[in-house]
Amino acid sequence: MPVCNIKKGSAKADVLQEAKVLFWDEISMMHKHGLEAVNRTLQDLRGNKDLMGGLIVVLAVDEFRSLRSAVKYSIQKDYNTYLRLTEKNLISNPRKFWSYFNNTKHNSPNSLYYNNVCYENDGDIANAFADYFKSVFKPSTNYDIKNEFKSNCVGDFAKIDSVTYDDVILAIRELKSSLSVGVDNIPSFIIKGCAEFFIYPLLILFNLSLRSNVFPYVWKQTRIIPVFKKGDAQDCKNYRPIAILSPMSKIFESIIRKRLFHQVKNLISPYQHGFIPKRSTATNLFCLTNKIISSFQIGSQLDVIYTDFSKAFDSIDFGILLNKLHGLGFHVNLTDWLHSYLCNRSLYVNFKNAVSREFSGTSGVPQGSNLGPLLFILFINDLTSVFKYSECLLFADDLKLFSSMNSNLDAVLLQSDLDCLFRWCTVNKLHLNIEKCSILSYTRKSQPLNNVYKINDLVLSRADSVTDLGIIFDTKLDFSQHINSMVSKAYRRLGILKRKTKEFSSEIALKVLYYAHVRSSLEYCSIIWDPIYRNKIEIIERIQNNFLRYLLYKKNGIYLQDVSSSYLRDMFNIPSLYSRRDVSCVLFFYKVINGSIDCTDILSAINFSVPARSLRNQGSFPNVYSRFKYIDRFSLYKFYKTFNKISGELDIYHMSPTVFKSNCFQLLYT
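The name that an unreviewed UniProt entry assigns to the protein is ATP-dependent DNA helicase, with the source organism given as Araneus ventricosus. Comment text from UniProt for the protein, heading Catalytic activity (unreviewed entry), reads "ATP + H2O = ADP + phosphate + H(+)". Recorded in UniProt under Cofactor (unreviewed entry), the annotation for the protein is "Mg(2+)".

Structure representation (structure tokens):
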């Protein structure tokens with residue numbers, strides 16, 4: 001019977017065990033009795049099958065152990081090499097950290113529910129996603145564009161007749177090499193690496209497209225990848241579509257967007273901060289904060305209505321958009337080209353290895369495109385002109401409507417502007433998600449005015465706090481809730497970083513990951529919420545101190561808790577978060593004064609001082625004194641105080657950005 005068929009505990013197994021013992025006994029005899037004993041042992045083995053089987057097993061076990069050790073050594077060696085390469089890559093591209101450990105189990109569900117129907121086949125799941133993503137589109141107005149435009153022609157303010165060789169070169173250089181492969185299966189890094197072979201063919205195709213007013217159909221084909229958001233991974237509605245476009249299309253769109261923006265930038269509302277160069281969420285939130293502080297200073301109340309558009313980017317009516325563009329002065333050839341660009345776009349969902357049936361986007365600007373965001377802000381641009389009594393701020397489709405409340409009449413006027421907003425939405429076929437719209441009253445009064453506001457006869461809910469562009473605002477402008485939430489999220493990110501880098505050894509890689517994924521979240525829009533109380537400052541600093549002790553553990557192999565934070569900061573050359581917020585505040589207003597941030601509302605809020613020779617205070621900006629702590633927290637007044645302390649070392653008007661930033665680091669970093 002073969003050895004492999006011997007069962008444990010059987011008589012055969014006992015014989016095999018005895019054979020192993022006899023074998024090792026015989027081996028020891030070889031050393032004592034020499035070659036003659038060896039020959040005799042081999043003869044005995046040939047005559048004893050069970051003993052021969054034992055010998056085979058022992059030799060096989062020894063060989064297995066040897067091979068296992070060799071494989072383990074090879075695996076560990078290759079894994080260490082992989083870790084070193086990963087650390088090296090993360091230094092140059094910290095975003096790869098998420099792909100290094102990200103759990104993708106939710107991205108590929110084995111079954112999916114849509115409209116109470118369960119789908120288990122990959123093809124059926126792909127089609128279910130396609131049906132869901134298609135459902136957000138609305139039918140657009142269908143009419144003869146040329147006849148409509150001929151009757152409403154106002155001029156040819158914006159037109160693009162052709163693109164140049166330099167336009168194509170610059171667009172290819174700016175193309176991201178990391179873009180996913182589109183329908184044409186041409187990677188973007190191939191285009192960048194072989195640019196000299198692509199420039200002239202693309203130049204010919206782009207100019208032909210503009211002359212014929214036709215956007216190539218193949219570049220309108222879009223592959224959609226469903227990405228899980230949160231909630232139940234088997235619910236189709238918990239996924240969002242990620243559109244993958246052709247790199248050729250993105251190059252063309254990039255050229256058109258630059259040329260078009262240069263011609264229409266002066267027409268864009270100053271209240272719009274989204275998708276506009278030199279504006280950001282920080283400029284948007286600063287303008288709001290400035291209004292709130294001004295209201296507090298005069299003892300008034302500021303009512304802010306936060307609105308929410310439902311699927312705004314996917315709901316843009318093509319006909320209304322083109323009519324608006326023509327009204328702005330777009331040439332008829334350009335509007336014809338844009339009509340071709342927007343209409344008859346073919347989309348399909350790619351799920352695992354399955355492809356859904358194709359469907360068409362009948363409304364909205366193309367997701368993931370370079371030109372789409374500009375078209376959207378041009379569509380919504382006239383919204384700010386409908387408000388007669390209130391002020392507003394926009395970040396793309398994020399609208400805030402606000403007014404100071406000094407009497408009941410002010411509430412009536414704000415309600416009137418809300419009615420205008422609803423009428424504008426009806427005319428432009430955009431829908432407000434009224435359940436998500438809310439009202440927040442900013443006031444320091446003990447008894448605020450709780451005015452009631454309605455949209456389409458539905459009462460808006462009143463909130464004590466709201467998340468606005470990632471920052472949590474409350475009625476007192478305290479930001480304690482935001483700081484606590486931010487610190488909690490930062491600790492979770494730091495925990496992920498420490499768990500996933502326990503085998504890393506590179507100090508540089510760990511610092512880069514901390515800067516990119518932890519510290520960046522602690523500094524987002526810090527000019528808005530920067531605390532002045534010591535307890536809040538220390539709560540934030542503890543996160544960095546935790547990371548510094550982790551770095552020390554990686555360096556020395558000992559986890560110490562009683563090391564001072566200043567000693568650790570000096571050891572690893574990492575400044576405090578408090579000093580970095582000071583630098584960030586000074587740099588923000590330096591950019592405003594020197595035009596790197598383009599926002600007239602912020603520039604007009606800055607007060608300059610021209611001190612007399614006899615005065616001791618020779619600062620460039622006034623020092624603001626107030627018995628209210630919220631005044632000290634306001635970033636503009638903090639900038640005044642901070643910059644006046646170091647103004648003798650800095651020239652805010654003539655220093656280059658690089659030199660100014662470097663000097664700020666030296667003077668303010670601790």
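From this point, the narrative continues.
A. Spotlight on the overall build of the protein. What the protein contains, in helices and strands, is 24 helices and 16 strands. In the protein, which comprises 670 residues, the proportion classed as buried is 47%. Partitioning the intrachain contacts of the protein with sequence separation of at least 6 by distance along the chain shows that 70% fall at a separation of at least 24. Of the roughly 34,800 Å² that the protein leaves accessible, carbon and sulfur atoms contribute 52%.

B. Structural view of the nonpolar core. With 84 residues, the main nonpolar core has Tyr442, Phe473, Phe547, Phe589, Leu636, Phe639 and Phe660 as its most contacted residues. A total of 10 residues in this core trace back to one element, the largest contributor, which is helix 20 (residues 577–593). There are two domains that each give this core at least three residues, and those are domain 2 (480–574) and domain 3 (579–668). Here Phe473 is in contact with Leu285, Leu288, Thr289, Leu440, Tyr442, Asp464, Ser465, Val466, Asp468, Phe479 and Ile528, once residues within four sequence places are set aside. The next biggest cluster of nonpolar side chains, apart from the first, holds 75 residues, and it includes Ile256, Phe261, Phe376 and Ile380.

C. The arrangement of the confidence of the model for the protein in detail. In the predicted model, the protein carries a mean pLDDT of 85, and the fraction of residues at 70 or more is 85%. Ignoring residues within four places in sequence, the model shows residues 1–13, a span with pLDDT below 50, making 8 contacts including any to other chains. Every residue in residues 147–154 is under pLDDT 50, and counting partners more than four places away or in other chains gives 14 contacts.

D. Just unusual backbone geometry, in detail. Look at Asn116: it is not a glycine, yet its phi comes out positive at around 65°. Structurally, Asn116 can be placed in the loop between strand 1 (112–114) and strand 2 (117–119). A positive phi is found at Leu469, a non-glycine position, where the angle reads about 55°. Within the secondary structure, Leu469 is located in the loop between strand 15 (465–468) and strand 16 (471–474).

E. Representation of the packing of aromatic side chains within the structure. Tallied over the entire structure, the rule returns 39 aromatic pairs. Their ring planes at 45° and their centres at 5.9 Å tell us that Phe129 and Phe351 sit as a pair that is tilted. Here Phe129, found in helix 4 (residues 122–134), pairs with Phe351, found in strand 6 (residues 346–351); they are 222 residues apart in sequence, far enough to count as distant. For the pair Phe129 and Phe351, one class covers both residues: buried. Ring geometry for Phe286 and Phe634: centres 5.5 Å apart, planes at 15°, overall stacked. Of this pair, Phe286 sits in helix 10 (residues 281–297) while Phe634 sits in the loop between helix 22 (629–633) and helix 23 (635–646), placing them 348 residues apart in sequence.

F. Looking closely at a positive patch on the surface. Together, Lys138, Lys229, Lys230, Arg240, Lys311 and Lys436 line one region of the surface with positive charge. Along the polypeptide, Lys311 turns up in the loop between strand 5 (301–306) and helix 11 (318–328).

Reading the values: rules and limits
- Residues numbered from 1 in each chain as written.
- Predicted model: local features only at pLDDT ≥ 70, side-chain atom pairs only at ≥ 80, totals over all residues.
- Heavy atoms only, no water.
- UniProt positions renumbered as here; feature names shortened; annotations may be inferred.
- Helix = DSSP H or I, 4+ residues; strand = E, 2+ residues; numbered from the N terminus.
- Buried < 20%, exposed > 50% of the residue type's maximum accessible area, 1.4 Å probe, protein only.
- Contact = heavy atoms within 4.5 Å.
- Areas by Shrake-Rupley, 256 points an atom, 1.4 Å probe, with all protein chains shown as cover.
- Core = buried A, V, L, I, M, F, W, Y, C linked by side-chain atoms within 4.5 Å.
- Domains from an automatic or database assignment.
- pLDDT = per-residue confidence, 0-100.
- Phe/Tyr/Trp six-rings, centres within 6.5 Å; stacked < 30°, edge-to-face > 60°.
- Patch = residues over 30% accessible without salt bridge, like charges linked within 9 Å, V, L, I, M, F, W, Y side chains within 5 Å.
- Salt bridge = Lys/Arg side-chain N within 4 Å of Asp/Glu carboxyl O.
- Lys, Arg positive; Asp, Glu negative; His and termini not counted.
- Charge placed at Lys NZ, Arg CZ, Asp CG, Glu CD.

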